[in-house]
Amino acid sequence: MTNQTTDMTSQASEHQANTQDDSAQQAIEIRRERLKLDSTRIIDIADNEANSALKCIHQLSVAGGATEATYLAIERRVVADQDAAGAYHLALLAQSTPDLPIDVRQLIEMVVDKGDNQQRLALLKNLPFPPVDIIKAQILLSDDGDAIGQMNAYLQINPEGYGSQHMVASQPDSVASMGTGISNGFDETDNSNDF
């Protein structure tokens, strides 16, 4: 009788484990389908609504992710609209999401060239390896005393120009992934900040 009880307990445990595996697999499939639907909706907005990059980035964040095609559609919208704010947020998103198929260098250049000094200062502080020299040059060209003062104060406490997370983290510096086969276009070893 003991063997029969052990066999029944074993079978019940195995059945429960299989049921849990099936439930987990079903949850994954439901999540995958939801991401596909969210991605399709976001791509439609990006492809058809001018100046919708920030709206799309917000919806992408709410959805918790999206397909590669979604990121590419948002990038196309940013470029078509020459949207410095969208470029800034998409560049930061790309820094924290490995292997995105977007051209981060192009986005950063757009923020530096078309953005305002607050966006440039935010790039300086928030990118792991910001293009210090081009940001610095644009801020100096603006002749904005407040922005120049903020930049100088930041670079005084962080002369390498590494993003703020390097000032807080005690771990060794590392290059953030910019996506497979996509270079950020900036030499991360040259962080000269001569005034």
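The structure this text deals with has already been given above.
Let us look at the structure shown here. Since the model is a prediction, treat every value here as computed from it, not as a measurement.

1. A look at the overall build of the chain
Scanning the chain for helices and strands turns up 9 helices and 0 strands. Reading the helices (α) and strands (β) of the chain from amino to carboxyl end gives α-α-α-α-α-α-α-α-α. For the chain, the proportion of its 195 residues judged to be buried stands at 38%. Sequence separation of at least 24 residues holds for 65% of the intrachain contacts in the chain that already meet a minimum separation of 6.

2. Some words on the pattern of salt bridges
All chains considered together, the criterion is met by 8 salt bridges. With a shortest N-O distance of 3.6 Å, Lys36 and Glu33 are connected by a salt bridge. Residue Lys36 and its partner Glu33 are both found in helix H1 (residues 2–48); the two are separated by 3 residues, about one turn of the helix. Its relative accessible area of 40% is what places Glu33 among the partly exposed residues. Between Arg105 and Glu109 there is a salt bridge, and its shortest N-O distance comes to 3.5 Å. You can see Arg105 and its partner Glu109 sitting in helix H5 (residues 104–114), 4 residues apart, about one turn around the helix. Residue Arg105 is classed as partly exposed on the basis of its relative accessible area of 27%. Overlapping salt bridges, with partners in common, bring together Asp103, Arg105 and Glu109 in one network.

3. Looking at the environment of Arg32
Counting through the fold element by element, Arg32 comes out in helix H1. Take Arg32: its relative accessible area is 39%, and that puts it in the partly exposed class. Spatially, the C-alpha atoms of Arg32 and Ala66 are 9.4 Å apart, while their sequence positions differ by 34 residues.

About the cut-offs
- Along each chain, the written sequence defines residue order, and numbers are assigned to residues from 1.
- A pLDDT threshold of at least 70 governs which residues receive local features in this predicted model, and a stricter bar of 80 or more applies before side-chain atom pairs are shown or counted, although totals over entire chains, interfaces and linings include all residues.
- Here the side-chain values reflect all heavy atoms present in the structure, with hydrogen atoms and water set aside.
- Each helix is a run of DSSP H or I of at least 4 residues and each strand a run of E of at least 2, with the numbering of both proceeding from the N terminus.
- Buried, partly exposed and exposed residues are distinguished by accessible area as a fraction of the type maximum, computed with a 1.4 Å probe on protein chains only: under 20%, between the cut-offs, and over 50%, respectively.
- Any two residues having at least one pair of non-hydrogen atoms within 4.5 Å are treated as being in contact.
- Any carboxyl oxygen of Asp or Glu within 4 Å of a side-chain nitrogen of Lys or Arg constitutes a salt bridge here.

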